[in-house]
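# Report on the structure
For reference, the chains in residue letters:
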Amino acid sequence: MRTPIVAGNWKMNKVYREAVAFIEEVKGKTPSKDEVETVICAPALFLKGMNEAAEGSDIQIGAQTMHFEDSGAFTGEISPLALADAGVTYTIIGHSERRELFNETDDSVNRKLHAAYYHNIIPIMCCGETLKEREQHKTAEVVKKQVEAGVKGLDRENVKRLVIAYEPIWAIGTGRSSSAGDANETCAVIRNTIAELYDEETAQALRIQYGGSVKPDNIKSFMEQEHIDGALVGGASLAPDSFLDMAKEAKYE
Ligand code: 13P
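In this report, we go over the structure that sits alongside the text.

### A few points about the nonpolar core
The nonpolar side chains of a soluble globular protein tend to be buried, and buried together. With 64 residues, the main nonpolar core has Ile23, Ile40, Met50 and Ile190 as its most contacted residues. Here this core gets six residues from one element, more than from any other, and that element is helix α9 (residues 180-197). Setting aside anything within four residues of it in sequence, one finds methionine 50 in contact with Trp10, Ala19, Val20, Ile23, Ile40, Ala42 and Ile61. Residues Ala7, Val39, Ala165 and Leu232 belong to the second largest nonpolar core, which totals 12 residues.

See the structure below:
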């Protein structure tokens, strides 16, 4: 059985002191790592301190993006080497906000996935359609293409460890989540795509999250779906109580 994974994506929120205080607050209160993996993806400046604060607990720390090169003349970028040095376990790659606002492409997503694995960081690769694409019934086609491009050239063992977050763009920060059934349908497309590219065993190992207006009172409906193994949560991950409630709700009975 796949271990559920609930990840908070804090985006550009909080300051260092608040980030560390959050970890101190949730430390020891999350489910164990074998029951539900809990991850906070925070701004890069906070990661090392958060990781130190999380020591000895089951909570894991993640980044929100990274560059694919180890070092060089890339002003403002964060190297995977520096993330690994800060002790991060996961990094989000290809979030729709990065694709829309910061020129992330399927090609750069793919290069970043390769770089992340090289440094033993597990990617949470995001995909999802716009409202227009959904209205044109292109959801499956768009998501399939993003997944195929993202995993290009990855070996089977790495794909088994991969987390893919399906986040319909129209559901992000809008309070308007996808219905659990619709989300499951698209997550099934993702799993089938991996089965076609690799094999059924790899597809069954892969974890798929839903993201977009997930909250403590709706996470269960997503977790009940066959192809949904967790959630990538923005707004509702900022408060410790709300994050802990979602982590507990994600536990399989
Ligand atoms: P919200 O949970 O605020 O809708 O954000 C979703 C998201 O973008 C997580 O990556």
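From this point, the narrative continues.
### Examining the packing of helix α5 (residues 106-118) against helix α7 (residues 139-151)
To characterise two packed helices, one gives the angle between the axes of the helices and the distance between these axes. One can describe the packing of α5 onto α7 by two numbers: an axis separation of 7 Å at closest approach and a directional angle of 45 degrees. The pairing of α5 with α7 is recorded here as oblique in orientation. Between α5 and α7 the crossing geometry is right-handed. Across the interface between the two elements, Asp106, Val109, Asn110 and Leu113 of α5 pack against Lys145, Gln146, Ala149, Gly150 and Val151 of α7. Looking at the contact of α5 with α7 residue by residue, the classes come out as four nonpolar, three polar and two charged.

### Some points on the site of the ligand
Every one of the 13 residues lining the ligand counts as a neighbour, but Lys11, His95, Gly173, Ser213 and Gly234 are closest to it. Glycine 234 places a polar main-chain atom, nitrogen or oxygen, 2.9 Å from an oxygen atom of the ligand. Coverage of the ligand by the protein chains reaches 95% of its 310 Å² of free accessible surface. The site holding the ligand turns out to be the second largest pocket. Broken down by class, the residue content of the shell around the ligand amounts to four nonpolar, seven polar and two charged.

### Things to note about the packing of aromatic side chains
Counted under the stated rule, the structure contains five aromatic pairs. With a centroid separation of 6.4 Å and 65 degrees between ring planes, the pair formed by tyrosine 16 and phenylalanine 46 is classed as edge-to-face. Separated by 30 residues along the polypeptide, tyrosine 16 in helix α1 (residues 16-26) and phenylalanine 46 in the loop between β2 (37-41) and α2 (47-54) bring together distant segments of the chain. What makes tyrosine 16 partly exposed here is its relative accessible area of 43%. The class of phenylalanine 46 is buried, set by a relative accessible area of 7%. The rings of Trp10, Phe22 and Phe243 are connected pair by pair, giving a single aromatic cluster. Over the ring of tryptophan 10 we find lysine 14; its NZ or CZ atom is 4.9 Å from the centre of that ring.

### Some details on unusual backbone geometry
With a phi close to 60 degrees, asparagine 103 is a non-glycine residue in the positive phi region. Of note, asparagine 103 is situated in the loop between α4 (96-101) and α5. Positive phi values are uncommon outside glycine, yet histidine 137 reaches one of about 60 degrees. Its location among the elements puts histidine 137 in the loop between α6 (131-135) and α7.

### Quick notes on the pairing of β2
Counting buried positions along β2 gives five out of five residues, so the element sits mostly inside the fold. Burial of the side chains of β2 extends over both faces: Glu37, Val39 and Cys41 are buried on one face and Thr38 and Ile40 on the other. Here strand β1 (residues 5-9) runs beside β2; their pairing, made up of five bridges, is parallel. Bridge pairing in β2 places valine 6 opposite threonine 38. A crossover connection joins β1 to the parallel β2 through α1; in handedness this β-α-β unit is right-handed. The handedness of the β2 to strand β3 (residues 59-63) crossover, carried by α2, is right-handed.

Cut-off values and rules
Residues numbered from 1 in each chain as written. Predicted model: local features only at pLDDT ≥ 70, side-chain atom pairs only at ≥ 80, totals over all residues. Heavy atoms only, no water. Core = buried A, V, L, I, M, F, W, Y, C linked by side-chain atoms within 4.5 Å. Buried < 20%, exposed > 50% of the residue type's maximum accessible area, 1.4 Å probe, protein only. Helix = DSSP H or I, 4+ residues; strand = E, 2+ residues; numbered from the N terminus. Contact = heavy atoms within 4.5 Å. Axes fitted to C-alpha atoms, helices over the stretch in contact; angles between N-to-C directions. Parallel < 35°, antiparallel > 145°, perpendicular 65-115°, else oblique. Left-handed = near helix turned anticlockwise from the far one by under 90°. Nonpolar A, V, L, I, M, F, W, Y, C, P; charged D, E, K, R; others polar. Near = heavy atom within 4 Å. Polar contact = N/O pair within 3.5 Å; in protein donor to acceptor, adjacent residues only side chain to side chain. Areas by Shrake-Rupley, 256 points an atom, 1.4 Å probe, with all protein chains shown as cover. 1 Å grid on protein atoms, 1.4 Å probe; cavity = no way out; pocket = protein on both sides within 12 Å on 5 of 7 lines; lining within 4 Å. Sits in = over half its atoms within 2 Å of the grid points. Phe/Tyr/Trp six-rings, centres within 6.5 Å; stacked < 30°, edge-to-face > 60°. Lys NZ or Arg CZ within 6 Å of the ring centre and 35° of its normal. Pairing = 2+ DSSP bridges. Right-handed = clockwise from strand over helix to strand, strands pointing away.

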